[in-house]
Amino acid sequence: MRPSRTPTNRRVYTDEHLYQVLPRGQVAQRATVVYMRLSSQAQKPDLATQRAVLEQFCAARGLTVTQWVSEIGGGLNFKRPKFLALVDRIVTNQVAVLVIVHKDRLVQFGFDLLSHLCRTHGCELLVMNTETLSPEQEMVQDLMTITHCFSARLYGLRNSRKALQKALSDAPSAQDSSQSHA
C-alpha cells in the first residue's frame, strides 16, 4: 500500500502503514498516566490518600493505569522534572489519558494552556474533582496562592540572610581563637 500525498506533495502514513513494517504487538501503546503533586514534604502523608482516591476513580472509569507519577513542588514552578517529562511525553503522543485529582495539582496557573496542549496531541485530560468556583472565589484563591508563594520565598531569603550573617560573624571569632593558640 502506497502512502497518500498532500497538496504540497508530502507523504501521509497511517497506522496501517506502520503495521506493515512492525507487527501490531511492537507498536508502542499510549500510556494512561496519573499525576499527583504535593506542595511540600510536610504533605507527604496526603499522597497515600490522594492515590487511594484516584485508584477508585480510575477503577470506576475502567482505566488501566500504566504509570503513577508523584512529585513534590509548587504549582507555580514550571521546572519540576517529572512535570516536564510528562509534558514531553504528551507532546510526543505517548500519553493517551492523563488523570489528576484537581486541576491545581497539575499547575497553579495556565491549566487552560495545558488542557489545550493535551487536546491537540490526542491526550484525554481527566480531572477527578471539577468543582466550579465563582470568578470572585477564583480570584481570591489565585491571590492567596501568589501571596503564599512569595511570602515563602521572602521567608527563605530571610533564613539564608540570617545564615550568612551568622557565618560571617562566626568567622572572625574562629580566627581570633586560632591566633590566640599560636
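Every value quoted in this text rests on a predicted model; they were computed, and no experiment measured them.

A.B. asks: Could you clarify how one ought to interpret the nonpolar core in this entry?
C.D. replies: Buried together is how nonpolar side chains tend to be arranged in soluble globular proteins. In terms of nonpolar packing, the biggest core is built from 19 residues, with Y35, L86, L98 and L106 touching the most fellow members. Of all the secondary-structure elements, those providing two or more residues to this core are β3 (31-38), α3 (81-91), β5 (95-102), α5 (111-120) and β6 (124-129). When residues of this core are assigned to their parent elements, the largest contribution, four residues, is made by α3.

A.B. asks: When you look at the pairing of β3 in this model, what are you seeing that I'm missing?
C.D. replies: One face of the sheet, then the other: side chains in a regular strand alternate in exactly this way. Where burial is concerned, most of β3 is hidden: eight out of the eight residues are buried. Along β3, one buried face is formed by A31, V33, Y35 and R37 and the opposite face, lined by T32, V34, M36 and L38, is buried too. Across four bridges, the pairing between β3 and β5 is parallel. Bridge pairing links V34 to V99 in β5. Judged from the six bridges that link them, β3 and strand β4 (residues 67-72) form a sheet pairing that is parallel. Bridge pairing links V33 to Q67 in β4.

A.B. asks: How do you make sense of α5 when you look at a structure like this?
C.D. replies: Each α-helix winds once per 3.6 residues, and so residues spaced three or four apart point in a common direction. Every buried residue of α5 is listed here: F111, L114, S115 and C118. Projection of α5 onto a plane perpendicular to its axis shows the buried side chains occupying an angular sector of 105°, all on one side. Structural note: α5 exposes D112 and L113 on the side pointing more than 90 degrees away from its buried face. Contacts made by the buried residues of α5 are with α3, β5, α4 (103-106) and β6. Downstream of α5 by one or two residues, G122 has phi in the positive range, about 70°.

A.B. asks: Honestly, α3 in this entry has me stumped. Any pointers?
C.D. replies: Taken together, the buried positions of α3 are occupied by F83, L86, V87 and I90. Buried residues of α3 fall within an arc of 100° about the axis and therefore sit on the same side. Among the structural elements, β3, β4, β5, α4 and α5 are those in contact with the buried residues of α3. The first or second residue beyond α3 is N93, which carries a positive phi of 60°.

A.B. asks: I would appreciate a short explanation of the side chain of E71 in the present structure.
C.D. replies: Examined against the element boundaries, E71 turns out to sit in strand β4. Its relative accessible area of 7% is what places E71 among the buried residues. Within the structure, the side chain of E71 is placed 2.8 Å from the backbone nitrogen of K82, a separation counted as a polar contact. Residues contacting E71, with those up to four places away along its chain left out, are Y35, M36, R37, L38, R80, P81, K82 and F83.

A.B. asks: Help me out: how do you make sense of the packing of α3 against α5 in this one?
C.D. replies: When two helices pack together, you describe them by how their axes are tilted relative to each other and by the distance separating the axes. As a packed pair, α3 and α5 sit with axes 9 Å apart at the nearest point and diverge in direction by 35°. Where α3 approaches α5, its residues F83, V87, I90 and V91 are matched on the opposing element by L114, L117 and C118. Class assignment of the residues belonging to the contact of α3 with α5 gives a composition of seven nonpolar, no polar and no charged.

A.B. asks: Looking at this structure, I do not really get unusual backbone geometry. What am I missing?
C.D. replies: Backbone geometry follows two general trends: most residues other than glycine have a negative phi, and most peptide bonds adopt the trans configuration. Phi at N9 is positive, roughly 70°, even though this residue is not glycine. Since its relative accessible area comes to 52%, N9 is described here as exposed. Although it is not a glycine, N93 adopts a positive phi angle of roughly 60°. With respect to the element layout, N93 can be found in the loop between α3 and β5.

Calculation rules
- Residues numbered from 1 in each chain as written.
- Predicted model: local features only at pLDDT ≥ 70, side-chain atom pairs only at ≥ 80, totals over all residues.
- Heavy atoms only, no water.
- Core = buried A, V, L, I, M, F, W, Y, C linked by side-chain atoms within 4.5 Å.
- Buried < 20%, exposed > 50% of the residue type's maximum accessible area, 1.4 Å probe, protein only.
- Helix = DSSP H or I, 4+ residues; strand = E, 2+ residues; numbered from the N terminus.
- Pairing = 2+ DSSP bridges.
- Arc of directions from axis to C-beta.
- Contact = heavy atoms within 4.5 Å.
- Polar contact = N/O pair within 3.5 Å; in protein donor to acceptor, adjacent residues only side chain to side chain.
- Axes fitted to C-alpha atoms, helices over the stretch in contact; angles between N-to-C directions.
- Nonpolar A, V, L, I, M, F, W, Y, C, P; charged D, E, K, R; others polar.

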